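Analysis of the macromolecular model
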Amino acid sequence: MIAVVDYRVGNIRSVLTALNRLNVEAALTDDPDELETADGIILPGVGAFAAAMDELRNPGLDKVMRQAVQRGTPLLGICLGMQVLFSKSEEHGEHSGLDLIAGRVKRFDKNLTVPHMGWNQVEIARPDCPLFDGIEDESYFYFAHSYCAAPAEEEAVAGRTEYGTKFCSVAWRGTVFATQFHPEKSGECGEHMLGNFADFCGEE
Amino acid sequence: MLARRIIPCLDVKEGRVVKGTSFRGLRDAGHPVETGAKYSREGADELVFLDITATLESRETMVDMVRRVADRLSIPFTVGGGIRKTDDMARLLAAGADKVSINTAAVRDDELVSEASRTFGSQCIVVAIDGLKQDDSWQVYVESGNTPTDWDAVEWAREVERRGAGEILLTSIDEDGQQTGYDIEFTAAVADAVSIPVIASGGAGGPQDMYRVLTDGRADAALAASIFHYETYSIEGVKHYLSERGLPVRL
């Protein structure tokens with residue numbers, strides 16, 4: 001079973017319906033026991049960084065997720081769910097994240113149209129990343145964000161996207177994966193990628 | 001590269017897609033879920049569903065429709081029409097809408113855009129602006145283009161950006177439904193005034209109009225209803241036309 005973390009930020013249901021379309025067993029949950037026994041965890045989310053971290057910390061979901069990752073449970077962060085996996089964010093002041101991937105979250109350059117909204121291409125930097133299995137280089141995915149993450153280690157950059165500058169749109173470190181775009185809203189390519197994550201978790 | 005978006009708009013009345021000419025002679029044009037799925041298969045980058053009745057009963061129908069659309073579609077969609085409060089938005093977003101579009105209520109309620117963007121994030125708050133040309137400027141009209149306001153459209157666009165809107169859906173009332181091209185000057189004036197994405201609407205007659213509004217009009221996305229509903233052009237055909245002329249599109 002894949003647990004989709006329910007922490008009251010934005011449109012979380014769409015990840016669950018995408019997994020249902022793929023016939024992957026998944027549940028929306030904020031129950032620590034369910035997260036502990038899950039074969040994989042997806043952390044979705046849209047909205048503000050600090051508010052999201054509060055929603056994770058208050059019920060102690062941050063600790064539960066850290067422990068799950070230490071045990072080797074695969075984790076996929078999506079959009080804001082990607083950003084909170086990093087060490088720190090500069091969104092409205094400085095805030096600490098889950099620090100599962102070393103690096104910072106920064107705002108896009110002021111000269112750009114922000115939010116970065118719409119379909120953009122992902123250049124595969126780490127073809128060995130399981131998320132990219134069967135996905136062509138430069139495929140389009142759907143983005144909607146104003147901040148982006150910069151991993152401290154180059155190895156953690158699995159995919160890049162060009163928007164004014166090249167930013168990290170897919171991060172990967174061990175069993176922790178993250179996409180800045182919304183695979184659940186990215187048509188067939190996105191569904192394929194969610195399927196790859198489910199396969200990695202051992203779900204069919 | 002960030003692709004330019006082609007967005008079909010579906011007018012929904014009592015749970016059905018309708019189409020008409022100049023707001024009259026509305027005919028049934030199918031089920032929103034089926035029609036949306038068809039456009040998605042044909043390569044639409046997003047969909048916009050507008051509840052054109054927007055009565056209390058139809059809003060209930062809309063929430064149910066949003067749920068069924070969300071179950072079937074794997075591309076983003078926006079829902080608009082009759083949204084007055086953040087509670088209305090919360091219900092639509094919880095049902096699976098990715099963005100909500102507000103128009104009249106954004107003008108009537110000074111706090112709504114700021115409150116909505118704080119609560120749900122800018123990326124899901126679209127402000128729809130309907131402008132009517134007055135000499136060399138454009139005046140904002142609300143209530144489906146029936147009621148003039150004191151706002152100049154360019155000033156209003158700047159103001160909603162300041163309040164936290166994530167995107168502007170800009171319609172030229174003069175051009176709407178005419179199929180003789182978007183108002184390029186209007187679109188460019190607004191796109192130059194703000195740094196959030198602008199979706200151009202009103203007047204699409206063919207791919208050449210979309211090319212012009214995405215280049216000279218500096219729009220990030222082009223919305224159309226009639227040309228897709230009447231199957232004058234296919235979404236795929238429009239995208240090939242744009243691609244051949246060097247615009248980045250998702251094919």
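Residues numbered from 1 in each chain as written. Chains lettered and ligands numbered in written order. Predicted model: local features only at pLDDT ≥ 70, side-chain atom pairs only at ≥ 80, totals over all residues.

Moving on to the overall build of chain B. In terms of regular secondary structure, chain B is built from 10 helices and 12 strands. A globule of 251 residues ought to have a C-alpha radius of gyration of about 18 Å, and chain B, at 17 Å, matches this closely. In terms of overall dimensions, chain B has C-alpha extents of about 45 × 40 × 40 Å along its principal axes. In chain B, which comprises 251 residues, the proportion classed as buried is 52%. (Helix = DSSP H or I, 4+ residues; strand = E, 2+ residues; numbered from the N terminus. Rg over C-alpha atoms; globule rule 2.2 N^0.38 Å. Buried ≥ 20, exposed ≤ 12 C-beta atoms within 10 Å, placed from the backbone.)

This paragraph deals with the overall build of chain A. A count of helical and extended segments in chain A gives 6 helices and 13 strands. Here chain A has a C-alpha radius of gyration of 15 Å; the compact-globule value for 204 residues is 17 Å, and the two agree. In terms of overall dimensions, chain A has a C-alpha envelope of 45 × 40 × 30 Å along the principal axes. In chain A, which comprises 204 residues, the share counted as buried stands at 57%. Relative to all contacts within chain A whose residues are 6 or more apart in sequence, the contacts with residues 24 or more apart total 68%. (Contact = placed C-beta atoms within 7 Å.)

All names here are of chain A. Spatially, the 4 strands line up as an open sheet ordered 6-5-7-10, and their pairing is mixed. Every interior strand has two partners, whereas the edge strands, strand 6 (95-96) and strand 10 (147-151), have only one. Where strand 7 (residues 101-107) meets strand 10, 5 bridges bridge the pair, whose relative direction is antiparallel. Paired with Arg-107 across the strands is Tyr-147, a residue of strand 10. (Pairing = 2+ DSSP bridges.)

Residues and elements named next belong to chain A. Relative to the helices and strands, Phe-49 resides in helix 3 (residues 49-57). Given 23 C-beta atoms within 10 Å, Phe-49 falls into the buried group. The spatial distance from the C-alpha of Phe-49 to the C-alpha of Ser-96 is 9.3 Å, given a sequence separation of 47 residues. Contacts of Phe-49, omitting those with residues within four sequence positions, involve Leu-80, Gln-83, Val-84, Ser-89, Glu-91, His-95 and Val-105.

All right, on to the packing of helix 8 (residues 207-215) of chain B against helix 10 (residues 235-244) of chain B then. All names here are of chain B. Running from N to C, helix 8 and helix 10 cross one another at 50°; their axes reach a closest spacing of 9 Å. Taken together, the axis directions place helix 8 and helix 10 in an arrangement best described as oblique. Handedness of the crossing formed by helix 8 with helix 10: right-handed. Packed against helix 8, whose contacting residues are Pro-207, Met-210 and Tyr-211, the element helix 10 presents Gly-237, Val-238, Tyr-241 and Leu-242 at the interface. (Axes fitted to C-alpha atoms, helices over the stretch in contact; angles between N-to-C directions. Parallel < 35°, antiparallel > 145°, perpendicular 65-115°, else oblique. Left-handed = near helix turned anticlockwise from the far one by under 90°.)

Let us now look at unusual backbone geometry. Following Val-114 of chain A, the chain continues into Pro-115 of chain A via a peptide bond in cis, with omega recorded as 5°. On the secondary structure map, Pro-115 of chain A appears in the loop between strand 7 and strand 8 (116-124). Here Ser-144 of chain B, not a glycine, exhibits a phi torsion of approximately 55°, which is positive. Residue placement: Ser-144 of chain B occurs in the loop between strand 8 (137-142) and strand 9 (147-152).

Let us now look at the sheet that holds strand 3 (residues 40-43) of chain A. All names here are of chain A. Read across the sheet, 9 strands follow the order 2-1-3-4-13-12-11-8-9 without closing on themselves; strand pairing throughout is mixed. Because the sheet does not close on itself, it has two edges, and the strands there are strand 2 (26-29) and strand 9 (139-145). This sheet shows a mean twist of 30° between the axes of neighbouring strands, independent of strand direction. Here 2 bridges tie strand 8 to strand 11 (residues 157-163), and the two strands are oriented antiparallel to one another. Residue pairing for strand 11: Glu-123 is matched across the bridge by Arg-160. Across the face of the sheet, helix 1 (residues 13-21) comes into contact with strand 1 (2-5), strand 2, strand 3 and strand 4 (75-78) while running at roughly 165° to strand 2. Against the sheet, helix 4 (residues 61-70) engages strand 1, strand 3, strand 4 and strand 13 (176-179), with an angle of about 135° to strand 4.

For the rest of this paragraph, the subject is the interface of chain B and chain A. Contacts between chain B and chain A engage 25 residues on the former and 29 residues on the latter. Per-class residue counts for the side of chain B that touches chain A are 11 nonpolar, 7 polar and 7 charged. (Nonpolar A, V, L, I, M, F, W, Y, C, P; charged D, E, K, R; others polar.)

All names here are of chain B. For Ile-168, the position within the fold is in strand 10 (residues 167-172). Residue classification places Ile-168 among the buried positions, given that 27 C-beta atoms sit within 10 Å. Along the sequence, Ile-168 and Pro-197 sit 29 residues apart, while their C-alpha atoms lie 6.4 Å from each other. Discounting chain neighbours no more than four positions away, the residues touching Ile-168 are Val-127, Ile-129, Ala-157, Val-160, Val-190, Val-194, Ile-196, Val-198 and Ile-199.

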